[in-house]
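Working through the structure, step by step
Spelled out, the chains give:
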Amino acid sequence: MKIRYLILLCVLIVSPMAAQPRTTTNRNLQLPRIAKAKPRNIVFILTDDHRYDALGFLKSQAFIETPNLDAMAGNGVYLKNAFVTTALCSPSRASILTGMYAHQHRVVDNNNPVPNDLVFVSQYLQRAGYETAMIGKWHMGGEKDDPQRGFDHWVSFKGQGTYLPNPNGLNVNGKRVPQKGYITDELTDYALEWLGNRRGGKPFMLYLSHKGVHADFVPADRHKDKAENLPFVAPLTMNPDNVKDAPMWVRNQRNSWHGVDFPYHSDLNIEAYFKRYAETLRSVDDSVGRVMEWLKQSGKLEETLVIYMGDNGFAFGEHGLIDKRTAYEESMRVPMLAQCPQLFKGGTTSDKVVANIDIAPTMLEAAGLQTPKHMAGRSFISVAQGKAVEWRAGLLYEYYWERNFPQTPTLHALRGERYKYIHVHGLWDADELYDLQNDPLESVNLIFSQAHEAIVKQMNEQLFDVLRQTQGLYIPLYPDRGGSNRLRRKGGSKEAGFPPQFIRDKGLTNQQHR
């Protein structure tokens, strides 16, 4: 089989993170400027657990309605192949703000502290003269909501926060204030208030980070029951008969906290759950519309770079799973939209592979600043403009096992233009290979296919090349924090057996073992 199209890492290789300090001195924060570049305003809107196909114009489910996001795609660029390098809240958010992989920034889970020497893109922008605001969900370093470095204005809440008012309230510039109403609307109010109260000619960067659409989903009153009577199409891979050669850990996860047989150790109805998610998403869409309208009314719409994305995806039954963390498309792929009439032609679709690690470099280019060498990502402005630039053909994915959710093992993957290779660590189990062109649902694991042995070998070598070059040949280890959701349902799906390819009825020679 010819595998010339798999030579993807010639442009996947990122700037290696050299063994240099990540200190926050003013000297290190002052980046070289791009010649003749004019700093432009930046609005970055992040939503939680927004899966890639939950956009109205994609028509993946009849109950998904996102008119304002649809309009943003029509007036800007739809980056259809957008991914996160770790499908988990804190690691993904850290990658967004630093331009680095999780093994580089070391925020590998939702519980442990953020390194004190980690530099956020907001610090570079602040040093370059920007006014910066973080409004919404921070969720890095545990339950903290204290103001963080690099932001002039701060509105946040502890941990995941709540959709409706709770006793913890909000942290507004270091002071506790009550949460007054539905969180998505209230965060948008704070964002528009900050934008409207700004004085002077400084450029601004607004980071509007919604709680929506994280579980448990609570729609705004105006959106409740809007999806109730609309049809639901169950994913084909929810039925195990439609999946071939899935690893044992995936088959076992069906009967777990993150599986369809015992979701959250309950009798949760997946269809009803997905519909509540869609109803909750509508208020996020409303928020986008309000922000865009403010930019229009203030005369700043043409010049402002607005980026929308999800921090990771979410499965609703695919592969028999719910939640994220895995390297499947529903988990690692996210919606991403960019609008700036001065930069992009409206109605553009880009099929290039972009990622969360590209957000910080893109912001820096919009600010007229050069990307520091330690960042693994690259600005996607030229890609979104449709320019013929050398670009990656694949992406590294990583997830590190959590004791809190022991169903998903440590995973590393390469997501190429055609093939995806998933490498499991620390388990006696099978790896995975999927032909995304012929099998976009990732239903047939080709890891045992003799016809694909050369592809598996090459992608395995490429995977470890990337990890080596980005100093990722280690497994982060932190103290245990929190409990463990490890139960299985009695009478649910049975424990998976070893794949038949692992079974022999006689001994093997040394050569066969190799």
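In this text, all values refer to a predicted model and were calculated from it rather than measured experimentally.

Counting buried positions along strand β16 (residues 419–425) gives six out of seven residues, so the element sits mostly inside the fold. Sheet topology note: the strand β15 (residues 410–416)/β16 ladder contains six bridges and is antiparallel. Each residue of the ladder has a partner; that of Arg415, found in β16, is Lys420. The antiparallel hairpin formed by β15 and β16 contains two residues in its connecting segment.

Our next topic: the nonpolar core. The biggest cluster of nonpolar side chains holds 89 residues, and the ones touching the most others in it are Leu125 and Phe380. In terms of residues, this core owes the most to one element, helix α13 (residues 453–469), which gives six residues. Leave out the neighbours within four places in its chain, and Phe380 touches Leu79, Ile307, Met336, Ala338, Val354, Asp358, Ile359, Thr362 and Trp391.

Here we take up unusual backbone geometry. With omega at 10°, the peptide bond leading from Gly212 into Val213 counts as cis. In this model, Ala215 is joined to Asp216 through a cis peptide bond whose omega is -10°. Here the phi dihedral of His319 falls at roughly 60°; this positive angle occurs in a residue that is not glycine. Mapped onto the fold, His319 is located in the loop between β9 (315–316) and β10 (322–323). Residues other than glycine seldom take positive phi values, yet Glu442 does so here, at roughly 55°. Checked against the element boundaries, Glu442 lands in the loop between β17 (432–435) and α13.

Looking now at the environment of Pro479. One can find Pro479 in the loop between α13 and α14 (510–513). Given the relative accessible area of 57%, Pro479 is considered exposed. Once the C-alpha coordinates of Pro479 and Asn111 are considered, the two residues, 368 residues apart in sequence, prove to be 9.8 Å apart.

Once that is clear, we can look at the packing of helix α7 (residues 183–197) against helix α9 (residues 270–297). One can describe the packing of α7 onto α9 by two numbers: an axis separation of 9 Å at closest approach and a directional angle of 10°. Overall, the two elements α7 and α9 adopt an arrangement that is roughly parallel. Regarding α7 and α9, the two cross each other, and that crossing is right-handed. Together, Thr184, Asp185, Thr188, Asp189, Leu192, Leu195 and Gly196 of α7 and Ser283, Val284, Ser287, Arg290, Val291 and Trp294 of α9 make up the contact between the two elements. Residue classes in the contact of α7 with α9 are distributed as five nonpolar, five polar and three charged.

Right, let's talk about the pattern of salt bridges for a bit. Side chains carrying opposite charge are able to pair once their charged atoms draw close together. Evaluated as defined, the whole model comprises 28 salt bridges. In this structure, the salt-bridge partner of Lys420 is Glu329, at a minimum N-O distance of 2.7 Å. A residue pair is termed long-range when its members are at least 10 positions apart, and Lys420 in strand β16 and Glu329 in helix α10 (residues 329–332) qualify at 91 residues. Residue Glu329 is classed as buried on the basis of its relative accessible area of 3%. Through salt bridges with shared partners, a single network forms among Asp49, Asp323, Lys324, Arg325 and Glu402.

Inspection of every chain in the model, using the stated rule, returns 29 aromatic pairs. For the pair Phe232 and Phe274, a centre-to-centre distance of 6.2 Å together with 75° between the ring planes defines the contact as edge-to-face. A residue pair is termed long-range when its members are at least 10 positions apart, and Phe232 in the loop between β7 (204–209) and α8 (248–253) and Phe274 in helix α9 qualify at 42 residues. A connected cluster of aromatic rings, assembled from ring pairs, spans Phe63, Phe217, Phe232, Trp257, Tyr264, Tyr273, Phe274, Tyr277, Phe314 and Phe316. The ring centre of Tyr163 lies 4.8 Å from the NZ or CZ of Lys211, which sits over that ring. Geometry around Phe405 places Arg325 over its ring, the cationic atom sitting 4.2 Å from the centre.

A few words on the confidence of the model for the protein. The pLDDT averaged across the protein works out to 93; a share of 93% of its residues lies at or above 70. Taken together, the stretch residues 1–11 has pLDDT below 50 and engages in 30 contacts with residues farther than four places along the chain or on a different chain. Within the model, pLDDT remains below 50 along residues 13–24, and this stretch shows 33 contacts once partners closer than five positions in the same chain are excluded.

What counts, and at which threshold
Sequence order as written defines residue numbering, which begins from 1 separately in each chain. The predicted origin of the model limits local features to residues at a pLDDT of at least 70 and limits the giving and counting of side-chain atom pairs to 80 or more, whereas totals for whole chains, interfaces and linings rest on all residues. The side-chain quantities take in all heavy atoms of the structure and omit both hydrogens and water. Any residue under 20% of the maximum accessible area for its type is buried, any over 50% is exposed, and the rest in between are partly exposed; the area is computed with a 1.4 Å probe on protein chains only. Helix numbering and strand numbering both begin at the N terminus, where a helix is a DSSP run of H or I of at least 4 residues and a strand a DSSP run of E of at least 2. Here a strand pair is declared whenever DSSP counts at least two bridges between the two strands. Side-chain atoms within 4.5 Å are what join buried Ala, Val, Leu, Ile, Met, Phe, Trp, Tyr and Cys residues into a set we call a nonpolar core. Only heavy atoms enter the contact rule, under which two residues are in contact if any of them lie within 4.5 Å. Only the stretch in contact is used when fitting a helix axis, every axis being a line fitted to C-alpha atoms; angles between N-to-C directions are given from 0 to 180 degrees. Working rule for angles: under 35 degrees goes down as roughly parallel, over 145 as roughly antiparallel, 65 to 115 as roughly perpendicular, anything else as oblique. By definition, turning the near helix anticlockwise from the far helix through less than a right angle yields a left-handed crossing, and turning it clockwise yields a right-handed one. Ten residue types, Ala, Val, Leu, Ile, Met, Phe, Trp, Tyr, Cys and Pro, are classed as nonpolar, four, Asp, Glu, Lys and Arg, as charged, and the remainder, Gly among them, as polar. For this analysis, a salt bridge means a side-chain nitrogen from Lys or Arg found within 4 Å of a carboxyl oxygen belonging to Asp or Glu. We call Phe, Tyr and Trp rings a pair once their centres come within 6.5 Å, taking the six-membered ring for Trp, and we label the pair stacked below 30 degrees between planes, edge-to-face above 60, and tilted otherwise. Only lysine NZ and arginine CZ atoms are considered, and such an atom sits over a ring when it is within 6 Å of the ring centre and within 35 degrees of the ring normal. A score between 0 and 100, pLDDT records how confident the predictor is in each residue.

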